[in-house]
Amino acid sequence: MYEKLYGFLEPKWEKYSFAISFLVSILVGVLYFWGWINNIRSVTGNVVTFASIVIGVNGVFLTLVITLQESPAFQRLKDIFPPFQAKLYTCLRDQIITGLVVVLISIIINFLPPSPSPYLSIFGVCIWFYFFVQMFVGSIMSVKLVTDIIIKNFNIPTRSKMK
């Protein structure tokens, strides 16, 4: 079931990630303006913790991929799926950078006093949530790419035995 859902959502995310994140962040901004979402400042600590985990996991994945780059299994994977390696590196790199941006924006939100203008607050919430959505969905995509390395390596074509 998850594989079908992921197969449907992955190409949409790759093609429209900016638009999806933008629309979700606008929706959160509108809900914040109407007062349906509050306590953004109290959530930033939890988001920093989550972003730190995402940065750490993706850093480990990146180190693992670099270490395994010359392994026979990774070489076969590069032969079978040539664009896979570049996609994996850029996905992991982007997740680390996005996680750092989320941490930075969360720290800035906590340092600044509450804004006297509700429109400025909504703008800040929209920007912060845009990067959060990018990080959250992107981390799902990067975990999927790394697990694809393992799964696709088990699907190695078998050769006939020598007689």
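The structure this text deals with has already been given above.
What this report covers is the structure whose coordinates are included nearby.

Cut-offs and rules
Residues numbered from 1 in each chain as written. Predicted model: local features only at pLDDT ≥ 70, side-chain atom pairs only at ≥ 80, totals over all residues. Heavy atoms only, no water. Helix = DSSP H or I, 4+ residues; strand = E, 2+ residues; numbered from the N terminus. Rg over C-alpha atoms; globule rule 2.2 N^0.38 Å. Expected span 1.5 Å × (residues − 1). Buried < 20%, exposed > 50% of the residue type's maximum accessible area, 1.4 Å probe, protein only. 1 Å grid on protein atoms, 1.4 Å probe; cavity = no way out; pocket = protein on both sides within 12 Å on 5 of 7 lines; lining within 4 Å. Points joined across faces, edges and corners; volume = space filled by probe spheres on them. Nonpolar A, V, L, I, M, F, W, Y, C, P; charged D, E, K, R; others polar. Core = buried A, V, L, I, M, F, W, Y, C linked by side-chain atoms within 4.5 Å. Contact = heavy atoms within 4.5 Å.

### Re the overall build of the protein chain
Looking only at helices and strands, the protein chain features five helices and zero strands. When the helices and strands of the protein chain are placed in sequence order, the string is α-α-α-α-α. Taken over C-alpha atoms, the radius of gyration comes to 20 Å for the protein chain, far larger than the 15 Å a tight globule of 163 residues would show. Taking the principal axes of its C-alpha atoms as reference, the protein chain extends roughly 80 × 30 × 20 Å.

### Notes on helix α2 (residues 40-68)
Here α2 contains 29 residues, and its C-alpha end-to-end distance of 41 Å stays within 8% of the 42 Å for a straight helix at 1.5 Å per residue. Every buried residue of α2 is listed here: I40, T44, V47, A51, V54, I55, N58, F61 and V65.

### Quick look at the layout of surface pockets
A volume near 410 Å³ is recorded for the largest pocket. Taken together, the elements giving at least two residues each to the lining of the largest pocket come down to α2, α4 (82-111) and α5 (118-154). In terms of residue count, the dominant contributor to the lining of the largest pocket is α5 (six residues). The calculated volume of the second largest pocket comes to roughly 260 Å³. Considering the residues around the second largest pocket, the lining is formed by 15 residues, among which W13, C91, D94, Q95 and M141 are closest to the centre. Counting only elements with at least two residues in the lining of the second largest pocket, the list comes to α1 (2-33), α4 and α5. Per-element accounting of the lining of the second largest pocket gives the leading share, six residues, to α4. When grouped by side-chain class, the residues that make up the lining of the second largest pocket number five nonpolar, six polar and four charged.

### Re the nonpolar core
Core analysis: the biggest nonpolar cluster contains 20 residues, and V47, A51, V102, W128, F129, F132 and M135 have the highest contact counts within it. Listing elements by their share of this core, those giving two or more residues are α1, α2, α4 and α5. If one sorts the elements of this core by residue count, α5 sits on top with seven residues. With residues up to four places along the chain from it excluded, the contact list for A51 reads G99, V102, V103 and M135. Listed in part, the 11 residues of the second largest apolar core include F61, F84, L92 and V146.

### Some remarks on the environment of I107
Looking at where I107 falls in the secondary structure, it is placed in helix α4. Linking I107 and F136, residues 29 residues apart in sequence, is a C-alpha distance of 18 Å.

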